[in-house]
Amino acid sequence: MASTLLPDPQLIHRMCDVMVHRGPDGDGFHSDEHAVLGMRRLAIIDLATGDQPVYSENARVVAVFNGEIYNFAELRQDLIRRGHRLSSAGDSECLVHLYQEHGADLVRRLRGMFAFAIWDRDRERLVLARDRVGKKPLYWRADQSSIWFGSELKSLEQDPRMSREIDPVALHHYLTYQYVPAPWSIYQGVHKLPPGHLLIWERGEITVRRYWALDRTPRPVTDGRDEEERLRELLLEATRIRMVSERPIGAFLSGGVDSSAVVAAMAMQSHGQVKTFCVGFEDSRYDERHKARMVAERYGTDHHELVVTAGLLDVLPHLAWHFDEPFADSSAIPSFYVAQLSRRHVTVALNGDGGDECFAGYRRYVLMNRARRLPAIPRTLAALSARIGTVLTERSGTGSWPRHLGRLMRFAAERPSRRYPSLMASFTHEQKSRIYSDALRHRLAEVDSYGLLETIFRSSSADTDLGRALDVDTLTYLPGDLLVKVDTTTMANSLEARSPFLDHHLMEWAAGLPGELNISNGQTKLLLKRAVAPWLPKELLRYPKQGFGVPLAAWLRGELRELAFDVLTDGTARSRGLFKPPVIRHLLQRHMDGADHGGQLWALLQFELWHRAHASVSGVVAAEVGCPVPLT
């Protein structure tokens, strides 16, 4: 979805002034000032009559939509019983009729992933909505008389009146967390609608409100086996409804428990052979192909593999273009490759996203669970512990025990509500202050990035630090990092990703689980592993969690060394006045000498590559990173 809306009832046929493609098949809005607004999303359901926009019977309500509504069949039946006439067989048309029945509260009846806009001509009212967990993006900006919106910043960038001035606060948060968290965007004056929120524009007045939140109040559990059975039922049903497609469908199979469970659920409900896709690396520390093969062989899937060996210098410019904001999660590279591999065979791919956030799969949750037993440290000793921890971390190599000790010392030095943000941070506040120019450091001196996560942590309905950490990730890391990565890399390849673990019925049930059912004695995701144990090879459940990592530190010392030095220290980078060139060069050199600054250098590199592809309006600058798509 990509649109510009001039909210005048006479201009309803001019909601978009530009055409923006999302992926090579062009699944974005398409219109000009003389044409009826059209939306070209990636067609999965109702290929024959699923065109957009969609209208109510009297054409007084019109909607455009990006995503999939999985319960659209039952919604259609209910609407027909209520007397509505539907001219298509798909999900988009349900929106206008649901709006007529329920107003903006229609979002509570939707089960799926979505970003949509509904224009009510009679009330001169625009409703924007984003799905509960943030699978689909939605940007907006407004002035006193107009509002612009789109699923991509690229669409808003087409307006020459829009400033491309970087928001320093957004940059500050990006360097901490490797993504720009909602409601900020990297541009001043442009916002992201947070997941689970509605925006209502009515005669120039804007209201943003939240319509969904998880209740993490633990419920009593008398029999763990009943919970295992219920989890299997929920996962099977969430998978089944996501297998509805008129296009070929498959699954990402990383070899982890989550994606393996989804593939098992697909195979048990599929009428044919499931297609599965996996990428790996020659470095065994980051390669899980052997685990994926166990599942593929058990269920007889049509399995496809790809080894990422080279070509980083070719793929980085493409990623810089496709990501609308700077994005520093290096697992975007294998995500892009697995999407590219999958698209050769299917148009829809299911994945295991959300399993860790629902069932406490990350090792950092174990640390948070144990941290409740840490004694309070006096302020003077806490400051000393933090300084020593920072030095150890900065001067130690990847995976070394001094590095782990340093992170633990910094973690222990924080007060409980700030411990989790400290675990998630790529740059600490002090580290950012060292690289900032004097002007930028002064501008951001009072801006606290840790405060974003700390506020969520403190306001959580959970009664344990583990539950509060799960809340933080569900509202920040999941929509800001993981889902952005998957949506961007799949849409770049005209592939649709679907996530059964992010079904809101399953998530609401999982949110009420007592913490000890998920983590005990240092083991993570206990309930999920027990529930899917009958489905998976026994050996698979014994492997420690590996994640979708890449050999980033080695890449920056090898294939990407020259690029990193050139891009981060050349005249273009220095001219921005954001960072201190000698400090950046020192950071680069220390990494080359053996210290691990890979995450920090990657964040700086991705910001600079993004800036040259997007924020700089000159095509010449864009050409410096081989940007394959013209900017104007």
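Residues numbered from 1 in each chain as written. Predicted model: local features only at pLDDT ≥ 70, side-chain atom pairs only at ≥ 80, totals over all residues. Heavy atoms only, no water.

Undergrad: Help me out: how do you make sense of the overall build of the chain in this one?
TA: If you tally the helices and strands in the chain, you get 28 helices and 17 strands. Considering the chain as a whole, with its 632 residues, one finds that 61% of them fall into the buried category. Restricting to contacts in the chain with at least 6 residues of sequence separation, those with at least 24 account for 71%. For the chain, the accessible surface area stands at approximately 25,000 Å², while carbon and sulfur atoms represent 50% of it. (Helix = DSSP H or I, 4+ residues; strand = E, 2+ residues; numbered from the N terminus. Buried < 20%, exposed > 50% of the residue type's maximum accessible area, 1.4 Å probe, protein only. Contact = heavy atoms within 4.5 Å. Areas by Shrake-Rupley, 256 points an atom, 1.4 Å probe, with all protein chains shown as cover.)

Undergrad: Looking at this structure, I do not really get the sheet that holds strand 5 (residues 61-69). What am I missing?
TA: Strand pairing in a sheet relies on backbone hydrogen bonds, with the paired strands running either antiparallel or parallel. Strand order in the open sheet formed by six strands is 4-5-6-7-11-12, and the pairing between neighbours is antiparallel. A single partner strand is all that each edge strand has here, and the edge strands are strand 4 (54-55) and strand 12 (205-210). Sheet topology places strand 11 (residues 197-202) next to strand 12; six bridges connect them, and they run antiparallel. If you follow His-197 over to strand 12, its bridge partner there is Arg-210. Those strands touched by helix 2 (residues 94-102) are strand 4, strand 5, strand 6 (112-120) and strand 7 (125-130), and its axis lies near 120° from that of strand 5. (Pairing = 2+ DSSP bridges. Axes fitted to C-alpha atoms, helices over the stretch in contact; angles between N-to-C directions.)

Undergrad: Would you mind showing me how to read the packing of helix 5 (residues 224-241) against helix 6 (residues 257-269) here?
TA: Two elements in contact, helix 5 and helix 6, have axes separated by 9 Å at closest approach and are oriented at 70°. When the axes of helix 5 and helix 6 are compared, the pair comes out roughly perpendicular. Across the interface between the two elements, Leu-235, Leu-236, Thr-239 and Arg-240 from helix 5 touch Ala-261, Val-262, Ala-265, Met-266, Met-268 and Gln-269 from helix 6. Of the residues assigned to the contact of helix 5 with helix 6, the class counts are seven nonpolar, two polar and one charged. (Parallel < 35°, antiparallel > 145°, perpendicular 65-115°, else oblique. Nonpolar A, V, L, I, M, F, W, Y, C, P; charged D, E, K, R; others polar.)

Undergrad: When you look at the packing of aromatic side chains in this model, what are you seeing that I'm missing?
TA: Ring pairs (aromatic) are described by centroid distance and by the angle formed between their planes. A complete count under the given rule lists 14 aromatic pairs for this structure. Geometrically, the ring pair formed by Phe-359 and Phe-501 is edge-to-face, given 6.2 Å between the ring centres and 75° between the ring planes. Of this pair, Phe-359 sits in helix 10 (residues 355-359) while Phe-501 sits in the loop between strand 17 (496-498) and helix 20 (504-511); the two residues are 142 residues apart in sequence, bridging distant segments of the chain. For Phe-359, a relative accessible area of 0% corresponds to the buried category. Residue classification places Phe-501 among the buried positions, given a relative accessible area of 0%. Taking 6.4 Å as the distance between ring centres and 15° as the angle between the ring planes, the aromatic pair formed by Tyr-365 and Tyr-420 counts as stacked. (Phe/Tyr/Trp six-rings, centres within 6.5 Å; stacked < 30°, edge-to-face > 60°.)

Undergrad: Looking at this structure, I do not really get a positive patch on the surface. What am I missing?
TA: A grouping of Arg-363, Arg-370, Arg-372 and Arg-373 is seen on the molecular surface, where their side chains present a positively charged patch. Along the chain, Arg-372 falls in the loop between helix 11 (363-371) and helix 12 (379-395). (Patch = residues over 30% accessible without salt bridge, like charges linked within 9 Å, V, L, I, M, F, W, Y side chains within 5 Å. Salt bridge = Lys/Arg side-chain N within 4 Å of Asp/Glu carboxyl O. Lys, Arg positive; Asp, Glu negative; His and termini not counted. Charge placed at Lys NZ, Arg CZ, Asp CG, Glu CD.)

Undergrad: Looking at this structure, I do not really get the side chain of Lys-525. What am I missing?
TA: Tracing the backbone shows Lys-525 in the loop between helix 20 and helix 21 (526-532). A polar atom in the side chain of Lys-525 sits 3.0 Å from the side chain of Asp-258. (Polar contact = N/O pair within 3.5 Å; in protein donor to acceptor, adjacent residues only side chain to side chain.)

Undergrad: Help me understand the environment of Glu-227 in this model?
TA: If you trace the backbone, Glu-227 turns up in helix 5. It is 9.8 Å that separates the C-alpha atoms of Glu-227 and Trp-509, two residues lying 282 residues apart in sequence. Setting aside anything within four residues of it in sequence, one finds Glu-227 in contact with Arg-219, Val-221, Trp-509, Leu-513, Leu-517 and Leu-527. Separated by 3.1 Å, the side chains of Glu-227 and Arg-219 make a polar contact.

Undergrad: Explain the nonpolar core here, please?
TA: Side chains of a nonpolar character, in soluble globular proteins, are inclined to be buried together. Within the largest apolar cluster, 165 residues are counted, with the highest numbers of intra-cluster contacts made by Phe-116, Leu-175, Phe-359 and Phe-579. Per-element tally for this core: the top contributor is helix 27 (residues 598-615), with ten residues. Once residues lying within four places of it in the same chain are set aside, the contact partners of Phe-579 are Leu-171, Leu-175, Ile-435, Tyr-436, Ser-437, Ile-584, Leu-604 and Phe-607. (Core = buried A, V, L, I, M, F, W, Y, C linked by side-chain atoms within 4.5 Å.)

Undergrad: Is there a simple way to think about the packing of helix 9 (residues 332-343) against helix 19 (residues 477-491) in this case?
TA: For the pair helix 9 and helix 19, the least separation of the axes is 8 Å and the interaxial angle reads 40°. With respect to helix 19, the element helix 9 is oriented oblique. Handedness of the crossing formed by helix 9 with helix 19: right-handed. Along the contact surface, helix 9 presents Ala-332, Ser-335, Phe-336 and Ala-339, while helix 19 presents Lys-485, Thr-489 and Thr-490. Residue classes in the contact of helix 9 with helix 19 are distributed as three nonpolar, three polar and one charged. (Left-handed = near helix turned anticlockwise from the far one by under 90°.)

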